[in-house]
Amino acid sequence: MQLGLIGLGKMGGNMRERIRRAGHTVVGYDRNPEVSDVSGLAELVEKLEAPRTIWVMVPAGAATQSVVDELGGLLEAGDVVVDGGNSRWTDDEQHAKELATKGIGFVDAGVSGGVWGLENGYALMVGGDKEYVERLQPIFEALKPEGPYGYVHAGKVGAGHFSKMVHNGIEYAMMQAYAEGWELLEKVDSVDNVREVYRSWQDGTVIRSWLLDLAVNALDSDEHLDKLKGFAQDSGEGRWTVEAAVDHAVPLPAITASLFARFASRQDDSPQMKMIAALRNQFGGHAVESK
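Quick caveat, the model's predicted, so the values are computed rather than measured.

About the cut-offs
Residues numbered from 1 in each chain as written. Predicted model: local features only at pLDDT ≥ 70, side-chain atom pairs only at ≥ 80, totals over all residues. Heavy atoms only, no water. Pairing = 2+ DSSP bridges. Helix = DSSP H or I, 4+ residues; strand = E, 2+ residues; numbered from the N terminus. Axes fitted to C-alpha atoms, helices over the stretch in contact; angles between N-to-C directions. Expected span 1.5 Å × (residues − 1). Buried < 20%, exposed > 50% of the residue type's maximum accessible area, 1.4 Å probe, protein only. Contact = heavy atoms within 4.5 Å. Polar contact = N/O pair within 3.5 Å; in protein donor to acceptor, adjacent residues only side chain to side chain. Core = buried A, V, L, I, M, F, W, Y, C linked by side-chain atoms within 4.5 Å. Parallel < 35°, antiparallel > 145°, perpendicular 65-115°, else oblique. Nonpolar A, V, L, I, M, F, W, Y, C, P; charged D, E, K, R; others polar. Salt bridge = Lys/Arg side-chain N within 4 Å of Asp/Glu carboxyl O. Right-handed = clockwise from strand over helix to strand, strands pointing away.

Participant: Give me the lowdown on the sheet that holds strand β4 (residues 80-83), citing residues and values where you can.
Facilitator: The strand order across the open sheet formed by 7 strands is β2-β1-β3-β4-β5-β6-β7, and the pairing between neighbours is mixed. If you trace the sheet from one side to the other, it starts and ends with β2 (25-29) and β7 (151-155), each paired once. Between one strand and the next, the sheet's axes are offset by a mean angle of 25 degrees, whatever the strand orientation. Inspection of the sheet shows strand β1 (residues 2-6) paired to strand β3 (residues 53-56) by 3 bridges, in the parallel sense.

Below you can see the structure in the form of structure tokens.
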């Protein structure tokens, strides 16, 4: 299968490689000419046979809107655009309507896997019409982890990114719990090997998880996280999750508290946020602030 892929950053570049390893043809475009296969979107579209499939992996908001607008002027009826970034689900609904007026399909795909996805695969949460989702199945199969899990057609347009948003909200709360426990263990005099306590939880306990494994990785690199500032950025999905909870009158005390804790980290050097920052760097390659 042929695929156009726009955005070859930390995730997009690895996704291109994983799809190629599965035997598909990928034509990639990025503003960085050193990693791009073509000089622009027009050339990318020209190199693909109709009906075309274009996967967009650029930052949410204005950047995604700009790409969708340009593709709307280049593609033809029967082509499909996939937004695999972290767009808000309400933007998906608008993009689908805009492209539908020209006969162009739209699918939203929440993608989780970070910098580890090339080898481990990406969890995919997909929204859109069944016709377009089924056409993209070979690409989804190439990207997902081996085995029965890691992919879902969650519903209509917007469902993929809404599901990914909730996933990231849960991620906020899980990381906050690991961070709070780590700070408490570091604080008491009786525990003098906090890193090994966390390592001991990696097998046989009910709180074992990949995030716990990544926490141990971070502590192996910097046992007391002394090199990090207690500051953790929020990427948007946490806010959107809380906003959606308010709109639907669904109580989310743990997720809301974890979001507010990140806001608090911008006011002082929070020990807990050192762990949050370290975890975000481990799974997503997100930048950290060093002392």
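So that's the structure; there's more coming.
Participant: Help me get a handle on helix α10 (residues 210-221), residues and values and all.
Facilitator: Taking 1.5 Å per residue, 12 residues should reach 16 Å; α10 reaches 17 Å between its end C-alpha atoms and fits that length. Turning to α10, its buried residues are L211, L212, L214, A215, V216, A218 and L219. Turning to α10, the residues buried within the fold contact α8 (159-187), α9 (194-200) and α13 (271-284). Here α10 starts with a cap whose side-chain oxygen sits 3.3 Å from the backbone nitrogen of L211, and that cap is S209.

Participant: Quick one: what's the story with the nonpolar core, residue by residue and with numbers?
Facilitator: Residues W182, Y198, L225, M275 and L279 are the most contacted members of the largest nonpolar core, which totals 24 residues. For this core, the element with the highest residue contribution is α10, accounting for 7 residues. Apart from residues lying up to four places away in sequence, Y198 is in contact with Y178, G181, W182, L185, L212, A215, V216, L219 and M275. Counting residues in each nonpolar core, the second largest holds 22 residues, with L3, A109, Y122 and Y132 among its members.

Participant: Just give me the short version of unusual backbone geometry, but keep the residues and values in it.
Facilitator: A cis amide bond links A50 with the next residue in sequence, P51, at an omega value of -5 degrees. The residue P51 is located in the loop between α2 (41-46) and β3 in this model. For L225, which is not glycine, the phi torsion reads 55 degrees and is therefore positive. Tracing the chain through its elements places L225 in the loop between α10 and α11 (237-247). The phi torsion at A249 lies on the positive side, around 55 degrees, for a residue other than glycine. Position of A249 relative to the elements: it lies in the loop between α11 and α12 (253-265). Judged by relative accessible area, which is 66%, A249 ranks as exposed.

Participant: Got a sec to walk through the packing of α12 against α13? Specific residues and values, please.
Facilitator: Following both chains from N to C, one finds α12 and α13 inclined at 105 degrees, their axes separated by 10 Å at the closest point. With respect to each other, α12 and α13 are oriented roughly perpendicular. Between α12 and α13, the contacting residues are A261, R262 and S265 on the first element and M273, I276 and R280 on the second. For the contact of α12 with α13, the class distribution of residues is 3 nonpolar, 1 polar and 2 charged.

Participant: I'd like to hear about the pattern of salt bridges, residue by residue, with values.
Facilitator: By the definition in use, this model includes 14 salt bridges. E119 is the salt-bridge partner of R21, the closest N and O atoms lying 3.2 Å from each other. Residue R21 is located in helix α1 (residues 12-21), and its partner E119 is located in helix α5 (residues 117-120); the two are separated by 98 residues in the primary sequence. Exposure remark for E119: the relative accessible area of 57% places this residue in the exposed category. A single network of salt bridges, built from pairs that share partners, joins R195, E196, R199, D220 and E223.

Participant: How would you explain the pairing of β3 if you had to name every residue and give the values?
Facilitator: What you see with β3 is no split at all: T53 and W55 on one side and I54 and V56 on the other are buried throughout. Alignment of β3 against β4, held across 4 bridges, turns out to be parallel. Residue pairing in the sheet places T53 in a bridge with V80 of β4. In this view, the connection linking β3 to its parallel neighbour β4 by way of helix α3 (residues 62-74) has right-handed handedness.

Bear in mind that shape data such as this cannot, by itself, settle questions of function.
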